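The residues making up each chain are set out below.
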Amino acid sequence: MFAANKRDFDQTGNSTGGKAINMQANLERILFDEKTILRRLDELAAQISADYHGCELTVIAILNGSLIFMADLLRRIPLPLKLDCLSVASYHGGLQTSGELIFRQVASPDVAGRHILLLDDILDSGTTLDAIQERLETASPRSVRICVLLRKTKLRQRAIDADYIGFDIADEFVVGYGLDYMERYRNLPYIGVLRKELMPS
Ligand code: IMP
Ligand code: MG
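Conventions and cut-offs
Residues numbered from 1 in each chain as written. Chains lettered and ligands numbered in written order. Predicted model: local features only at pLDDT ≥ 70, side-chain atom pairs only at ≥ 80, totals over all residues. Heavy atoms only, no water. Phe/Tyr/Trp six-rings, centres within 6.5 Å; stacked < 30°, edge-to-face > 60°. Helix = DSSP H or I, 4+ residues; strand = E, 2+ residues; numbered from the N terminus. Buried < 20%, exposed > 50% of the residue type's maximum accessible area, 1.4 Å probe, protein only. Pairing = 2+ DSSP bridges. Salt bridge = Lys/Arg side-chain N within 4 Å of Asp/Glu carboxyl O.

### Things to note about the packing of aromatic side chains
No. 1: Taken as a whole, this structure holds two aromatic pairs when the rule is applied.
No. 2: Plain terms: the ring middles of Phe-32 and Phe-167 are 3.9 Å apart, the flat faces sit at 20° to each other, and that makes the pair stacked. Placement of the pair is Phe-32 in strand E1 (residues 27-32) and Phe-167 in strand E7 (residues 164-169), with a sequence separation of 135 residues.
No. 3: In this structure Phe-32 comes out as buried when scored by relative accessible area, which is 13%.
No. 4: On the basis of an interplanar angle of 75° and a centroid distance of 5.7 Å, the ring pair of Phe-173 and Tyr-181 is categorised as edge-to-face. Note on accessibility: Phe-173 and Tyr-181 belong to one class, buried.

Written out as structure tokens, the structure reads:
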């Protein structure tokens, strides 16, 4: 057993006394179970593989949210590709984008003259993908497309859309399958809506 750590807090900022939170109980409902997600990834991967047939891709996964999505999706794409990751932050642990993007690490992948596929967990305000796409364009890629697991149906701060979309969802805060709330819930194998009372209003 682990000793209680005084610095363990639950999502409301209260101490949990070192006890683990009950992740599933903190969900209002499950939106997509694992089987549904993987079935959709089969379709997405087939579409991407057909579109890029005969091409070599550079896939750039945006950390940390797209990690699990990326691992499951790429293993379904039988094309030669290069993989790199990009780490950015805009949320600072909260619910709303700050509008300002911090590039913690600039990708050093092969971009010039190559087909780039950007992978992200979710298209929300559009700030993140818009800024990343803008930066990549300066490195003269042959093409840039965007693939997201989820797309929120809402008016975005930036006029940006994705080329490949796993699922369209309502404008609710979701966690699981890579998506977090204050860095938790990423390891849930399904996607669910976080209970509203756990989030600041
Ligand atoms: P943006 O608002 O489109 O820039 O979204 C940027 C990032 O915010 C995403 O990559 C996610 O990490 C995070 N995000 C947006 N909506 C949600 C959500 O519903 N759950 C978890 N993370 C989210
Ligand atoms: Mg996040």
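### Regarding the sheet that holds strand E8 (residues 174-175)
No. 1: Here three strands make up an open sheet; going across it, the order is E1-E9-E8 and the pairing antiparallel. Edge positions in the sheet fall to E1 and E8, since each of these pairs with one other strand and no more.
No. 2: Pairing of E8 with strand E9 (residues 191-194), which is carried by two bridges, proceeds in the antiparallel orientation. Bridging from a neighbouring strand, Val-175 pairs with Gly-192 of E9.

### Observations regarding the pattern of salt bridges
No. 1: Tallied over the full model, the rule gives 18 salt bridges.
No. 2: The salt bridge partner of Glu-28 is Lys-196, with a shortest N-O separation of 2.9 Å. Of the two residues, Glu-28 is situated in strand E1 and Lys-196 in the segment after E9; the sequence distance between them amounts to 168 residues.
No. 3: According to the relative accessible area criterion, Glu-28 is partly exposed, its value standing at 39%.
No. 4: Looking at Lys-196, the relative accessible area reads 47%, which means it is partly exposed.
No. 5: A salt bridge links Asp-51 to Arg-145; the shortest N-O distance between them is 3.8 Å. Of this pair, Asp-51 sits in helix H1 (residues 34-51) while Arg-145 is found in strand E6 (residues 143-152), placing the two residues 94 residues apart along the sequence.
No. 6: Residues joined by salt bridges that share partners form a network here, namely Glu-28, Arg-29, Glu-172 and Lys-196.

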